[in-house]
Each structure stands twice: as C-alpha cells, then as structure tokens.
Amino acid sequence: MGFARTCAVALVGVEGVVVEVQADLEPGVAAFTLVGLPDKSLTESKDRVRAAVVNSGSAWPQKKLTVGLSPASVPKGGSGFDLAVACAVLGAAERIDPRALSDIVMIGELGLDGRVRPVRGVLPAVLAAADAGYEQVVVPECAAAEASLVPGISVLGVRSLRQLIAVLTDEPVPEEDPDEQGRPDPLMAGLRMPGTGAATGMLGAAQHDHGHDLADVVGQHSARTAVEVAAAGGHHLFLEGPPGAGKTMLAERLPAILPRLTKGESLEVTAVHSVAGLLPPGKPLVDIAPYCAPHHSATMQALVGGGQGIARPGAVSLAHRGVLFLDETPEFSSQALDALRQPLEAGHVVIARSAGVVRFPARFLMVLAANPCPCGRFSQRDDLCECPPSMIRRYQARLSGPLLDRVDLRVEVDRVTRSELTGRGARGESTETVADRVRAARERAAARLAGTPWRTNSEVPGRELRSRWYASLGAMDEAERSLERGAVTARGLDRVLRVAWTVADLVGHDRPGATDVALALQLRTGVPRGVPMAIGALS
C-alpha cells in the first residue's frame, strides 16, 4: 500500500483554506475515486491528471486509487487542484519521494499534455498558504510574479509537470519548447474570466485610461470642488445635470486624483481582481485605484456579487479602494440600487448561498450620475423640458431616500455655456495640481487618525466625530438648525461634519470652522450658503 500527501488551496470568496490532498494506493481493480466534496470541474480532474501523468513520461498506477481532499466539509471547486492531485498520486506510486511533498502547496491546472496552466486567485491562495505557515508553493510559471508578491514564501514556477517531477526527484530539468513567436501564449487564457473587461465596465486599474486631465473639464466649478472633496475624504458623490454637461468626464478623472494604493491596499485589490480574472498579463500588482462603471442593465448579482455555486465578486468589490461609477443611476433596477446600502455602510458585502457564505471587501467611492428628468432638459431656469410633472416625480423617485442619505455630496452640474466652451481664457486646475492637494489632505487625516482603525474622514463613525474630533465652537450651529427643520437627518449631520473635516484638511485648518461647515452643508444639501465654491478661495 502506498500513501502520499501534499497541499492545495480552496478559495471561498477571496479567502483561502489550505486543503490536504491525500492519495492512497491499494491492491485491487484499477479505479480512481475522488472524495472530499468536489464540484463538477474538480471531478473532471481525474481524466486530466491521468492523461497529464502518462504524457509526462510516468506510468499510471494500475491499482485502486483513492484521492481525498481534507477537510471534507469545505466545498472545493475549480481546476487548481490538478497539480497537487498529480503529485500526490506520483508520491503514492513512489515515483516521487512522499517526504518531499508534505510541506509544499501546489496550485495549477494540468493540460492533457502535462503543461501547467494558470488559474484565477493565485494571490489569495498563496496568502492563505503563508498564513497557514507554509513556506514553499508551486505555481504555473506565468503566475509566479503574482505569487511572489507575498513576502516570506518561496515560489517555484513550473511550465510542465515534467519539470516539477525533475525538480522533486533531483533529475535534470527538461527544457520546454517555446510557443511560436507572434502568437498569444495559450497558457495566459486561464488568467481571464470570459465575459469580463471593457464591455461590462468592470475594468481593472491598468485597463482604465488614467491620462484624462481634470483641466479638460470646461466650467463646472462647483462639481470640480465636489470631486476634489470626494477624493480627499473618500465621500460618495451624486452629480445631477443635463446630458453633455460633463458628469461622465468628471467621474472618469476622479481615479487619477486619488492617492496611489499602499502595499496592503494593493494586495487587497489584486486579490479581488485575481479571483475575478481581471489581472492583465504582465502586471501582477494593482497599485492604482480601480475604476468600475457597470451598465445600467446590470443585475443585483453583477453589482454586489453572486452567481451559481460559490459567489463571485461583483462591481462593488472590483471597485474596492477605487471608484464605482453608476451612470444613468435611475435606470438601474431599484433592487440593485438598494442592495448597495449594506456595502456602503460596512465596507464589505456578505453573500449567502447554498454552497456557502462568502465575504468580499467593498470599500469604494461611489459616484452617481443622473439626468433631472427622462428627457434631461428639466431646469429651474428655463422651460425646455416637455416631461409632465408626474413623470418627473416618478423618475426622480427611483433613487430611494435611504440610498441618497448615504451620499455625502450632491451637486447640480449646470449646462455648459457657449462662452465657456469656446473661450480662450485660463483653463481649470490640472489633475496634478489637485492630486497634490488631495494627497496632502489625506496625509493630514492619516496623522490625525493614527492609532485608530480608520484612515479617511468618511470612515470615522459619527459618535467618534462628536466626542473626539468636533468642529470649532459655534461652527455647527447652522447645520444643527437644518437638522431641526428636517433639511438633514441625524446621519446627514454626521456626514456634514465628516465633509467639513475634509474641507479643513484641504485648506490646512486645524479644526473645521464656520466656513468649512457652510461649504460642507452646501455640498450636502445643494442650497447656497454664500461661501465660495473653490478650495483655493478658502485658504
């Protein structure tokens, strides 16, 4: 009787569970049994592994073979167990020393010819292995750079099962024939999930065009200020205005003024994009804020995550630490929009399915954009709109009050005038200039919040703001009167104080004053308060 074991990783959301892959050979009729709660794709690995072992020059054991995946209570799926199953079988057959396998974690899919193909989720799988105390992992060669992002772990990248067998048995490592020049590497196909990318608006950070300059936006001084405040404090933003006024332009330029991600944030974002199959080849680490703009026909599962079997990350998780832009927001289904309430408050989304419960990170900056009416021409200044009042009310009511109450900044984007569009005067501030102010404001907030679990003003709970980081004496009087009149809710009052702290950080004030609170209240309610809508004018 032969026995060998090695390890692989089962992914549940973006969290991994180390699975022990055990192979047992007994005398009897040749058979291959796979146990341990595998799904359909994992059950099919029996045929892939048998063909890969034979085509790699090793004999397949003609005995009763049982492969167990432990713990058996954890659902397991995907083709990433192929490499571990093949090595465990070869260890039980004494082709490989079983002692050389017990402390190695193996991740990869096998082709019928023995080539090792990449799978999605390599980074979170290696993170789980490192957390469990393992120091060696074997991954496909083209995913070695992604796995190497985890510190303190030795990564071996192999291109075929033949190479791995040679390494484990101290034999000469065979050379693999290179692919034809000028053709895409077929192994890289395993890093992408079909149906994702530009067509769905679920773009990774490297795919989004960060060359847009904020100076390209004509006019829109109030909206530009709101975008700057949103970036500095991580506040959600609602832009309302007619078509062609620049709402989408502003949203597309928001990621470029956000600070670059820290190492910890980069690993979080990369793990989500790796599971979703959105990591671009040649860029294993996402270090800039992602941008996700799903179409208004997106379902609730596409927004918050879901799907059959083990849930996959949705748009809110793909926008983690970045921007989620919902253009034509009233056209989204009310069910999908209301599903955003929980991740907006908690910073993560929990999805329960019959196959298990998964938790995805979802701390994003949400930008909503909407027309004032179905035709988009409704305005208090003119009567170009032909929509009846009842239709306008129904259209605007598609955005529920509880959802809008979680949005810190609400700005009306005015129609661009002819003089602004054709004028040759000074352009607005560039992205680089605004990004420098945003970076400085983030640093002030981080220094103030040092020693706490929060990093931006939008994350600080209201009770902490009122007790530890309150505004100057009398600065909140007007905001409190708005609460008494019902113009803002209790949650809205806390959000006004958060925005006031962000304004103070941008202009360099030690504590929010009456002017900072007035600007925050104006950005929250849209009612003019007699303060200049420019950060430079408040300094």
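Before reading further, recall that the structure is shown in the block above.
Peer 1: Would you take a moment to explain the overall build of the protein for this structure?
Peer 2: A count of helical and extended segments in the protein gives 22 helices and 17 strands. Per-residue burial for the protein yields a buried fraction of 51% across its 539 residues. As displayed, the protein has an accessible area near 23500 Å², and 50% of this comes from carbon and sulfur atoms.

Peer 1: Would you mind going over the environment of Gly16 with me for this structure?
Peer 2: Inspection of the secondary structure assignment puts Gly16 in strand 2 (residues 15–26). Classification of Gly16 as partly exposed rests on a relative accessible area of 27%. Between the alpha carbons of Gly16 and Ala128 there is a distance of 5.0 Å; along the sequence they are 112 residues apart. For Gly16, the residues in contact, after removing those within four places along its chain, are Val9, Ala10, Leu11 and Ala128.

Peer 1: Where do I start with the packing of helix 17 (residues 431–448) against helix 20 (residues 490–507) in this structure?
Peer 2: Each pair of packed helices can be described by the angle between their axes along with the distance between the axes. At a closest axis distance of 8 Å, the pairing of helix 17 and helix 20 adopts a crossing angle of 115°. Two packed elements cross with a definite hand, and for helix 17 against helix 20 that hand is right-handed. On helix 20, the residues that touch Arg437, Val438, Ala441, Arg444, Ala445 and Arg448 of helix 17 are Trp501, Asp505 and Leu506. For the contact of helix 17 with helix 20, the class distribution of residues is five nonpolar, no polar and four charged.

Peer 1: Hey, could you run me through the pairing of strand 16 (residues 365–370) in this one?
Peer 2: The side chains of a regular strand alternate, residue by residue, between the two faces of the sheet. Across the six residues of strand 16, six count as buried, placing the element largely inside the fold. Here strand 16 shows a buried face lined by Leu365, Val367 and Ala369 and a second buried face lined by Met366, Leu368 and Ala370. The pairing of strand 11 (residues 237–240) with strand 16 spans four bridges and is parallel. The residue bridging Leu239 from the neighbouring strand is Ala369, located in strand 16.

Peer 1: I tried to follow the packing of aromatic side chains on my own but got confused; where do I start?
Peer 2: Centre distance and the angle of the planes are the two values used to describe a pair of aromatic rings. In this structure the tally under the stated criterion is two aromatic pairs. Look at Phe32 and Trp60: their rings are 5.6 Å apart centre to centre, the planes differ by 40°, and that puts the pair in the tilted class. With Phe32 in strand 3 (residues 31–35) and Trp60 in the loop between helix 2 (45–55) and strand 4 (64–70), the pair connects residues that are 28 residues apart, well separated along the chain. Exposure class is identical for Phe32 and Trp60. Each is buried. Between the aromatic rings of Trp454 and Trp469, the centroid separation amounts to 6.4 Å while the plane-to-plane angle is 85°, which identifies the pairing as edge-to-face. In this pair, Trp454 is assigned in the loop between helix 17 and helix 18 (462–467) and Trp469 in the loop between helix 18 and helix 19 (477–485), connecting sequence segments 15 residues apart. Its relative accessible area of 17% is what places Trp454 among the buried residues. Here Trp469 falls in the buried class, since its relative accessible area comes to 9%.

Peer 1: Could you clarify how one ought to interpret the nonpolar core in this entry?
Peer 2: One recurring pattern in soluble globular proteins: nonpolar side chains tend to sit buried together. Val229, Leu237, Leu239, Leu254, Val367 and Leu523 are the most contacted members of the largest nonpolar core, which has 58 residues in total. Sorting elements by how many residues they give to this core places helix 20 first, with nine residues. If we skip the residues at most four places from it in the chain, Val229 touches Gly234, His235, Leu409, Val499, Thr502, Val503, Leu506, Leu523 and Ile535. Core analysis: the second largest hydrophobic core is formed by 40 residues, Val138, Val158, Leu161 and Leu168 among them.

Peer 1: Looking at this structure, how should I read the packing of helix 2 against helix 3 (residues 82–92)?
Peer 2: At their nearest, the axes of helix 2 and helix 3 sit 10 Å apart, and the two run at 60° to each other. Compared by their axis directions, helix 2 and helix 3 come out oblique. When the axes of helix 2 and helix 3 are compared, the crossing they make is right-handed. Contacts from Ser45, Arg48, Val49 and Val53 of helix 2 reach helix 3 at Asp82, Val85, Ala86 and Leu90. Considered class by class, the residues forming the contact of helix 2 with helix 3 number five nonpolar, one polar and two charged.

Peer 1: Looking at this structure, how should I read the pattern of salt bridges?
Peer 2: It is possible for side chains of opposite charge to pair when their charged atoms get near one another. Under the defined criterion, the tally for this structure stands at 28 salt bridges. Between Arg491 and Glu345 there is a salt bridge; the shortest N-O distance is 3.5 Å. One end of the pair, Arg491, is in helix 20; the other, Glu345, is in helix 13 (residues 341–346), and 146 residues separate them in sequence. Residue classification places Glu345 among the partly exposed residues on the basis of a relative accessible area of 40%. Salt-bridge contacts for Glu345 lead to Arg495; the nearest nitrogen and oxygen are separated by 3.3 Å.

Peer 1: Looking at this structure, I do not really get the state of the cysteines. What am I missing?
Peer 2: A covalent bond bridging the sulfur atoms of two cysteines is what the word disulfide describes. Counted according to the given criterion, the structure contains zero disulfides. Cys373 supplies the cysteine sulfur nearest to Cys375, a cysteine that is in no disulfide, at a spacing of 3.4 Å. Cysteine Cys385 shares no disulfide, and the gap to the nearest cysteine sulfur, in Cys373, comes to 3.6 Å.

Conventions used here
- Residues numbered from 1 in each chain as written.
- Predicted model: local features only at pLDDT ≥ 70, side-chain atom pairs only at ≥ 80, totals over all residues.
- Heavy atoms only, no water.
- Helix = DSSP H or I, 4+ residues; strand = E, 2+ residues; numbered from the N terminus.
- Buried < 20%, exposed > 50% of the residue type's maximum accessible area, 1.4 Å probe, protein only.
- Areas by Shrake-Rupley, 256 points an atom, 1.4 Å probe, with all protein chains shown as cover.
- Contact = heavy atoms within 4.5 Å.
- Axes fitted to C-alpha atoms, helices over the stretch in contact; angles between N-to-C directions.
- Left-handed = near helix turned anticlockwise from the far one by under 90°.
- Nonpolar A, V, L, I, M, F, W, Y, C, P; charged D, E, K, R; others polar.
- Pairing = 2+ DSSP bridges.
- Phe/Tyr/Trp six-rings, centres within 6.5 Å; stacked < 30°, edge-to-face > 60°.
- Core = buried A, V, L, I, M, F, W, Y, C linked by side-chain atoms within 4.5 Å.
- Parallel < 35°, antiparallel > 145°, perpendicular 65-115°, else oblique.
- Salt bridge = Lys/Arg side-chain N within 4 Å of Asp/Glu carboxyl O.
- Disulfide = S-S within 2.5 Å.

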